[in-house]
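Coordinate inspection notes
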Amino acid sequence: MARAVTPNRKLINTLVAWTIGFLIFFPILWTILTSFKTEAQAINDPPLFLFFDWTLENYGVVQERSDYTRYLWNSIIIAFGSTALGLLVAIPAAWAMAFVPSKRTKDILLWMLSTKMLPAVGVLYPIYLLFIELGLLDSRVGLVVVMMLINLPIIVWMLYTYFKEIPSEILEAARMDGATLREEILYVLTPMAIPGIASTILLNVILAWNEAFWTLNLTAAKAAPLTAFIASYSSPEGLFYAKLSAASTMAIAPILVMGWFSQKQLVRGLTFGAVK
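Owing to the predicted nature of the structure, the values given are computational and were not obtained by experimental measurement.

What counts as what
- Residues numbered from 1 in each chain as written.
- Predicted model: local features only at pLDDT ≥ 70, side-chain atom pairs only at ≥ 80, totals over all residues.
- Heavy atoms only, no water.
- Helix = DSSP H or I, 4+ residues; strand = E, 2+ residues; numbered from the N terminus.
- Axes fitted to C-alpha atoms, helices over the stretch in contact; angles between N-to-C directions.
- Parallel < 35°, antiparallel > 145°, perpendicular 65-115°, else oblique.
- Left-handed = near helix turned anticlockwise from the far one by under 90°.
- Contact = heavy atoms within 4.5 Å.
- Nonpolar A, V, L, I, M, F, W, Y, C, P; charged D, E, K, R; others polar.
- 1 Å grid on protein atoms, 1.4 Å probe; cavity = no way out; pocket = protein on both sides within 12 Å on 5 of 7 lines; lining within 4 Å.
- Points joined across faces, edges and corners; volume = space filled by probe spheres on them.
- Patch = residues over 30% accessible without salt bridge, like charges linked within 9 Å, V, L, I, M, F, W, Y side chains within 5 Å.
- Areas by Shrake-Rupley, 256 points an atom, 1.4 Å probe, with all protein chains shown as cover.
- Salt bridge = Lys/Arg side-chain N within 4 Å of Asp/Glu carboxyl O.
- Buried < 20%, exposed > 50% of the residue type's maximum accessible area, 1.4 Å probe, protein only.
- Arc of directions from axis to C-beta.
- Expected span 1.5 Å × (residues − 1).
- Phe/Tyr/Trp six-rings, centres within 6.5 Å; stacked < 30°, edge-to-face > 60°.

**A few points about unusual backbone geometry**
Cis geometry is adopted by the peptide bond preceding P46, which originates at D45 and carries an omega value of 5°. For P46, the position within the fold is in the loop between α2 (39-42) and α3 (57-65).

**Quick notes on the packing of helix α8 (residues 168-176) against helix α9 (residues 181-192)**
Packing of α8 against α9 brings their axes to within 11 Å, and their N-to-C directions diverge by 155°. Considered as vectors, α8 and α9 are oriented roughly antiparallel to each other. Two packed elements cross with a definite hand, and for α8 against α9 that hand is right-handed. Residue-level inspection shows I170, L171, A174 and R175 of α8 in contact with α9, the latter providing E184, V188, L189 and M192. Split into classes, the residues belonging to the contact of α8 with α9 amount to 6 nonpolar, no polar and 2 charged.

**Digging into empty space enclosed by the protein**
Applying the stated criterion across every chain, the model contains 1 cavity of 30 Å³ or more. For the largest cavity, the calculated volume is near 40 Å³. Around the largest cavity, the lining residues are S75, I78, A208, W209, E211, T215, P225 and T227. Broken down by secondary-structure element, the contributors of at least two residues to the lining of the largest cavity are α4 (68-99) and α10 (194-210). Looking at the lining of the largest cavity residue by residue, the classes come out as 4 nonpolar, 3 polar and 1 charged.

**Focus on a nonpolar patch on the surface**
Where nonpolar side chains cluster on the molecular surface, the patch consists of F22, L23, F26, F49, L50, F51 and W54 and spans about 780 Å² of accessible area. Within the element layout of this structure, F51 appears in the loop between α2 and α3.

**Here's the deal with α3**
Taken as a whole, α3 has its buried residues at N58, Y59 and V62. End-on, the buried residues of α3 take up no more than an arc of 100°, which puts them together on one face.

**As for the layout of surface pockets**
Sizing a probe to match a water molecule and rolling it over the atoms shows the empty space that remains. Its volume calculated, the largest pocket comes out at about 510 Å³. Lining of the largest pocket is provided by 20 residues; of these, V123, I127, L149, I150 and W214 occupy positions nearest its centre. Per-element accounting of the lining of the largest pocket gives the leading share, 6 residues, to helix α7 (residues 140-164). Tallied by class, the residues present in the lining of the largest pocket amount to 17 nonpolar, 1 polar and 2 charged.

**Looking at helix α6 (residues 121-134)**
Its 14 residues place the ends of α6 20 Å apart at the C-alpha level, agreeing with the 20 Å of an ideal helix rising 1.5 Å per residue. Positive phi appears at G135, one or two residues downstream of α6, with a value of about 70°.

**Notes on the packing of aromatic side chains**
This structure, assessed with the given rule, holds 10 aromatic pairs. Here the aromatic rings of F26 and F49 are separated by 6.2 Å at their centres, their planes lie at 10°, and the arrangement is stacked. Taken together, the residues span a long stretch of sequence, with F26 in helix α1 (residues 7-34) and F49 in the loop between α2 and α3 at a distance of 23 residues. Overall, F49 belongs to the partly exposed group, its relative accessible area being 35%.

Given below as structure tokens:
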């Protein structure tokens with residue numbers, strides 16, 4: 001039987017959870033607040049939390065100096081494009097490893113994961129030369145491919161974990177009913193793994209959205225995403241905290257909204273499925 005939880009224990013657990021959540025969110029909150037300060041207020045000692053002269057000047061300066069829409073559009077194409085391309089490769093690979101394993105499957109999975117341990121700078125030079133030869137430098141296509149390859153081990157691992165939880169008997173029943181391999185993956189496996197696929201998509205979109213090393217080294221102007229947009233406000237002349245915070249807030253706002261919306265839709269879908 002489940003152990004009874006007293007009201008005091010519930011209150012303590014709630015306060016601890018909210019405190020931890022606030023501490024995790026505090027850096028984002030501080031960045032947002034700093035974006036509404038002047039440069040003098042941003043470096044004030046002691047720091048000003050809420051009681052300062054709120055201003056939108058930084059957002060106006062950022063918008064005048066940079067084409068925010070172009071950077072945003074590049075980030076959307078790179079993040080979602082690399083995730084979609086990764087799913088096209090990872091779903092068949094994860095299916096094969098989960099339902100048609102070989103004696104080398106675990107070794108392959110560990111090898112894929114080990115590639116994430118390699119420092120990115122170790123392969124920057126050959127990839128940079130390859131991009132020059134193929135004409136992919138400062139292009140969205142090149143960044144989509146690179147982001148897909150970087151996050152592919154994580155996509156495969158996550159999908160493999162979710163696919164392993166699906167009973168193989170269901171797929172065998174689909175084969176007995178005459179389903180082809182393509183129909184088995186599209187119409188049987190994929191619908192059952194939608195929560196796992198949705199979680200994988202959200203995580204990899206965030207990873208691609210926040211990637212800075214490759215975007216700063218493989219782009220210049222045309223394909224630069226929001227990470228390059230933020231980095232442009234760190235210059236040799238100095239670090240303009242208020243304007244940098246405004247640029248960061250404009251960069252993280254879409255991903256915060258998308259994460260909130262995705263969570264609401266996922267919870268709604270899981271609830272509907274449980275009730276149904």
